[in-house]
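What the coordinates show
Given next are the chains, with one letter for each unit.
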Amino acid sequence: MWETHRLPYSEHGTGFIEVHHLKPVHTLLPGQKTKLDDLALLCANCHRMIHARKPWLTLEQLRQTLQR
């Protein structure tokens, strides 16, 4: 999504990534599995912003927020 190596986290913060479920886990039916296409890789800050309040932001809403 974004080039996280360009973010100002220094070497200490390099190499960390979080996985965001595009299809919330609580909506999965019993026995249903998450597919790779249902996941997005985000830095911790972006992941936190998506889940900061309900309804959760979509990836596109997050992009628009960050481009302002």
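Residues numbered from 1 in each chain as written. Predicted model: local features only at pLDDT ≥ 70, side-chain atom pairs only at ≥ 80, totals over all residues. Heavy atoms only, no water.

**Looking at the overall build of the protein**
Within the protein, the secondary structure is distributed over two helices and two strands. Counted from the first residue to the last, the protein has its helices and strands arranged as β-β-α-α. A buried classification covers 13% of the 68 residues belonging to the protein. The long-range fraction of contacts in the protein, counting pairs at least 24 apart against all pairs at least 6 apart in sequence, stands at 46%. Total accessible area on the protein stands at roughly 6000 Å², and carbon and sulfur atoms take up 56% of it. (Helix = DSSP H or I, 4+ residues; strand = E, 2+ residues; numbered from the N terminus. Buried < 20%, exposed > 50% of the residue type's maximum accessible area, 1.4 Å probe, protein only. Contact = heavy atoms within 4.5 Å. Areas by Shrake-Rupley, 256 points an atom, 1.4 Å probe, with all protein chains shown as cover.)

**Notes on unusual backbone geometry**
Glycine aside, residues mostly have negative phi angles, and peptide bonds mostly take the trans form. In this structure, the amide linkage connecting Lys-54 to the following residue, Pro-55, adopts the cis form with an omega of -5°. One can find Pro-55 in the loop between α1 (44–50) and α2 (59–67).

**Looking at the side chain of His-20**
Secondary-structure assignment places His-20 in strand β1 (residues 18–21). Polar side-chain contacts of His-20 include one of 3.4 Å to the side chain of His-47. Here His-51 takes part through its side chain, which lies 3.3 Å from a polar atom of the side chain of His-20. (Polar contact = N/O pair within 3.5 Å; in protein donor to acceptor, adjacent residues only side chain to side chain.)

**Quick word on the pattern of salt bridges**
A complete count under the given rule lists one salt bridge for this structure. For Arg-63, the salt bridge identified is with Glu-60, shortest N-O distance 3.4 Å. Placement of the pair is Arg-63 and Glu-60 together in helix α2, with a separation of three residues, close to one helical turn. (Salt bridge = Lys/Arg side-chain N within 4 Å of Asp/Glu carboxyl O.)

**Regarding a nonpolar patch on the surface**
Residues Ile-17, Val-19 and Leu-41 make up a contiguous nonpolar surface patch of about 260 Å² in total accessible area. Its place among the elements puts Val-19 in strand β1. (Patch = residues over 30% accessible without salt bridge, like charges linked within 9 Å, V, L, I, M, F, W, Y side chains within 5 Å.)

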